[in-house]
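Working through the structure, step by step
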Amino acid sequence: QVQLVESGGGLVQAGGSLRLSCAASGRTLSVYNIGWFRQAPGKEREFVAAVTWNSGRTSYADPVKGRFTISRDNAKNTVYLQMNSLKAEDTAVYYCAADPKRQSLSIVILNYDYWGQGTQVTVSS
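Below is a summary of the structure that appears in this document. (Residues numbered from 1 in each chain as written. Predicted model: local features only at pLDDT ≥ 70, side-chain atom pairs only at ≥ 80, totals over all residues. Heavy atoms only, no water.)

What to know about a nonpolar patch on the surface
There is a patch of nonpolar side chains on the surface, built from Ile107, Val108 and Leu110 and spanning about 320 Å² of accessible area. Residue class for Ile107 comes out partly exposed when judged on its relative accessible area of 46%. (Patch = residues over 30% accessible without salt bridge, like charges linked within 9 Å, V, L, I, M, F, W, Y side chains within 5 Å. Areas by Shrake-Rupley, 256 points an atom, 1.4 Å probe, with all protein chains shown as cover. Salt bridge = Lys/Arg side-chain N within 4 Å of Asp/Glu carboxyl O. Buried < 20%, exposed > 50% of the residue type's maximum accessible area, 1.4 Å probe, protein only.)

Structure below.
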């Protein structure tokens, strides 16, 4: 079983950038597809971005396309989410999650078996 820990969140002004990290322990991250999700206050958790185990494919939610980039370094057992041109509506707790079913890249929350504790991102306008 893999344990995931997010870091890199914080307070940033609109238009700024942050890079989130998702570090794994307990098992190599390279056997999982990884997704980033977020949950704003009073809203349901939603998909943000995902990457396959070998970085062969990525997927992004429409609101973040062109602004966010997901990447991974399996040698460091870490996945990243580079967030640029941040907006107030990006404010949320961001979670990374691991999906052991590598045959397809999922954007569905229920397909992800392992979750981190989340990191808060606050964008001030």
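A word on the packing of aromatic side chains
Scanning the entire structure with this criterion turns up six aromatic pairs. For the ring pair Phe37 and Tyr112, a centre distance of 5.1 Å and an interplane angle of 75° mean the geometry is edge-to-face. Remark: Tyr112 occurs in the loop between strand E9 (92-99) and strand E10 (114-115) and Phe37 occurs in strand E4 (residues 33-39); sequence separation between them is 75 residues. By relative accessible area, Phe37 is classed as buried at 0%. Ring centres of Phe37 and Trp115 lie 5.0 Å apart, and the angle between their planes is 50°; on these two criteria the pair is classed as tilted. On the criterion of sequence distance, the pair formed by Phe37 in strand E4 and Trp115 in strand E10 is long-range, its members being 78 residues apart. Classification of Trp115 by relative accessible area gives partly exposed; the value is 25%. Here a set of aromatic residues connected by ring pairs shows up, and it is made of Phe37, Phe47, Tyr95, Tyr112 and Trp115. (Phe/Tyr/Trp six-rings, centres within 6.5 Å; stacked < 30°, edge-to-face > 60°. Helix = DSSP H or I, 4+ residues; strand = E, 2+ residues; numbered from the N terminus.)

Brief notes about the side chain of Asn33
By the secondary structure assignment, Asn33 is in strand E4. There is a polar contact of 2.8 Å between the side chain of Asn33 and the backbone nitrogen of Trp53. Leave out the neighbours within four places in its chain, and Asn33 touches Val51, Thr52, Trp53, Arg72, Ala97, Ala98, Asp99, Lys101, Arg102, Ser104, Leu105 and Tyr112. (Polar contact = N/O pair within 3.5 Å; in protein donor to acceptor, adjacent residues only side chain to side chain. Contact = heavy atoms within 4.5 Å.)

Notes on the sheet that holds strand E1 (residues 3-7)
Spatially, E1-E3-E8-E7 is the arrangement adopted by the four strands of the open sheet, whose pairing is antiparallel. Strand pairing shows two members of the sheet lacking a second neighbour, E1 and strand E7 (68-73), which therefore form its edges. Going from strand to strand, the sheet's axes swing by 15° on average, the running direction of each strand aside. Taken together, the five bridges between E1 and strand E3 (residues 18-25) define a ladder with antiparallel strand orientation. Paired with Ser7 across the two strands is Ser21, which belongs to E3. (Pairing = 2+ DSSP bridges. Axes fitted to C-alpha atoms, helices over the stretch in contact; angles between N-to-C directions.)

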